[in-house]
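The lines below spell out each chain.
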Amino acid sequence: MFDYQRLEAVDVHGEAPEREPERQYYFMKKCHEWAEGEKKRMGRPPTVSIQTLGCQMNVKDSEKMTAVLMYIGYEPVEQKEADFVLYNTCTVRENANMKIYGRLGYLKNQKEKNPEMKIALCGCMMQEADEVERVRRDYPFVDIVFGTHNIYKLAELFYRHIQSGRPVIDVWEKEREIVEDLPGHRKYAFKTGVNIMYGCNNFCSYCIVPYVRGRERSREPQDILDEIRGLVKDGVVEVMLLGQNVNSYGKTLENRQTFAQLLREVNQIEGLRRIRFMTSHPKDLSPELIDAMGECEKVCRHLHLPLQSGSSRILKMMNRHYTKEEYLALVERLRAGIPDISLTTDIIVGFPGETEEDFAETLDVVRKVRYDSAYTFIYSKRSGTPAASMEGQVPPEIVKERFERLLKEIQAVSSEINGSRLGQVADVLFEEVNSQDDSLITGRLSNNAIVHCPGTADWIGRILPVKLTESRGFYYMGEIVSGSP
Ligand code: 5AD
Ligand code: SF4
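One structure accompanies this document, and this report is about it.

Let's shift gears to the side chain of Lys60. Checked against the element boundaries, Lys60 lands in helix H3 (residues 56–72). Despite its burial, Lys60 pairs with no opposite charge; the closest candidate is Glu227, at 4.0 Å N-O. In this structure the side chain of Lys60 is engaged in a polar contact, spanning 2.7 Å, whose partner is the backbone oxygen of Gly193. Each residue touching Lys60, except ones within four places of it in the same chain, is listed here: Thr192, Gly193, Asn195, Glu227 and Leu242.

So this is what it looks like as structure tokens:
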């Protein structure tokens, strides 16, 4: 766990240390002094609202930033208005960007009413020079802008802003060192994500991630294992190992090692109950990993295996490095090695040049694989990526029609699969009181499916056997097996 004594030991009377993370400790303490003054002025602690868009990586980054801000003296709040509003942005698809500009329009009015309010933007969208320029030009009331590579510098940038009273914009074009040993905070006491690598080297032709998250870098296995051991001591029972392409973990390490090896080592950590990971690229999913998944009892029976398209021709244009047949063969090997595995996927509809025949191949894979569920996306043109300048952009009405057909196909299989598990008893890790009905507790099965169950809040964080009594589309209703809590 994070050692706050190291932070307290930093002297704030002199110059800021050059070394990280001590430099950030210094600025955290400086900001803390400032926040104490704010607290006196307002007669309450200042509040912060961190809004996170996008993937699990961003969720993890937001957890880290929450911890820094809590140390400074901010109280995190759920509502979208607060003394400090921080947007951790995503730019994978155009509509994520539009959402941010929509919110900024609204926040402008809020800030006119409350000039002390602070607004910051960070994350993937801020790694795009055009977007930063637009914020600078059209949204001058934004106080702090930073990117994905210097997220650990939040306290330093914040301090620069409060000192100068001027906007601070600091975005690094390229990744630099990985800075760890900053405080952590978890949304859930019993589960969290753990970064095992950063960046992506795959350059799928539609995807902006390699441009905004930088090159692939793996963390040292010992650092990962130590972090997880610390988390387990602190009450965590489930970890999600995070990386853009976890199957290529270890390739950049001096002592090369594989993801399968890492998984086996994590599996041995006493007290840990469940291991998940995200995201797998089919091209790097080795037989060694299938064996490890099958043999490690803590690894959840779920694999998210993005397909993107079922057409080998489109897959080639996407630069995915596998064919339809290779993907299907991989699924067969997975089902043979881990018979009870649930598969989920990502699919893009309307990639440039996609014909009705190509789309039919996607439907064919969906029917053959039988995914438990799938995230479906309409292709979104991201400038700077190779696909943005490809010919044959598909007209929106055709994309929409295909998208709806795909959804129907996925939903039909999903409800069949869910229906087939009714009556079974399975372990559920309970996560939270249901937001709509507080007599229900919501949790997840090993395969990640959601289960609502009559129960009490003291089950949160526990794994208990539940009988699945009803299937409602994407979730189950269940009953705790009597006598178990
Ligand atoms: N358009 C639509 N979907 C995209 N994704 C990534 N880039 C794009 C894009 N330009 C999807 C992929 C990926 C998921 C996280 O987002 O399916 O797996
Ligand atoms: Fe994007 Fe492909 Fe990397 Fe995933 S593997 S982040 S889709 S480039």
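What follows picks up the thread again.
Let's shift gears to the environment of Ile378. Tracing the backbone shows Ile378 in strand E14 (residues 373–378). Residues Ile378 and Phe403, 25 residues apart in the sequence, show an inter-C-alpha distance of 7.2 Å. If sequence neighbours within four positions are ignored, Ile378 has contacts with Arg93, Val349, Val399 and Phe403.

What follows is about the site of ligand 1. Every residue close to ligand 1 is listed here: Val92, Arg93, Tyr206, Gln308, Asp346, Ile348, Phe377, Ile378, Tyr379, Ser380 and Arg382. For ligand 1, whose unbound accessible area comes to 400 Å², protein coverage reaches 85%. Looking at the shell around ligand 1, the elements that each hand over two or more residues are strand E13 (342–349) and E14. For the shell around ligand 1, the class distribution of residues is six nonpolar, two polar and three charged.

Let us look at the packing of aromatic side chains. Enumeration over the complete set of coordinates arrives at 19 aromatic pairs. A ring pair is formed by Phe259 and Phe277, whose centres lie 5.0 Å apart and whose planes are at 80 degrees; its orientation type is edge-to-face. Placement of Phe259 in helix H9 (residues 259–267) and of Phe277 in strand E11 (residues 274–278) is noted, with a sequence separation of 18 residues between them. Like Phe277, Phe259 is buried. For the pair Phe430 and Trp459, a centre-to-centre distance of 5.3 Å together with 55 degrees between the ring planes defines the contact as tilted. Note that Phe430 is positioned in strand E15 (residues 425–433) and Trp459 in the loop between strand E17 (450–454) and strand E18 (463–472), a separation of 29 residues in sequence. A residue is classified by how much of its surface remains accessible, and Trp459, at 8% relative accessible area, is buried. Among the aromatic residues, ring-to-ring pairing joins Phe2, Tyr4, Tyr25 and Tyr71 into one connected group. Stacked on the ring of Trp172, the Lys or Arg Arg176 has its end atom at 3.7 Å from the ring centre. Seen from the ring of Tyr188, Lys191 lies directly overhead, with NZ or CZ sitting 4.9 Å from the centre.

Quick notes on the rules
- Residues numbered from 1 in each chain as written.
- Chains lettered and ligands numbered in written order.
- Predicted model: local features only at pLDDT ≥ 70, side-chain atom pairs only at ≥ 80, totals over all residues.
- Heavy atoms only, no water.
- Helix = DSSP H or I, 4+ residues; strand = E, 2+ residues; numbered from the N terminus.
- Buried < 20%, exposed > 50% of the residue type's maximum accessible area, 1.4 Å probe, protein only.
- Lys, Arg positive; Asp, Glu negative; His and termini not counted.
- Salt bridge = Lys/Arg side-chain N within 4 Å of Asp/Glu carboxyl O.
- Polar contact = N/O pair within 3.5 Å; in protein donor to acceptor, adjacent residues only side chain to side chain.
- Contact = heavy atoms within 4.5 Å.
- Near = heavy atom within 4 Å.
- Areas by Shrake-Rupley, 256 points an atom, 1.4 Å probe, with all protein chains shown as cover.
- Nonpolar A, V, L, I, M, F, W, Y, C, P; charged D, E, K, R; others polar.
- Phe/Tyr/Trp six-rings, centres within 6.5 Å; stacked < 30°, edge-to-face > 60°.
- Lys NZ or Arg CZ within 6 Å of the ring centre and 35° of its normal.

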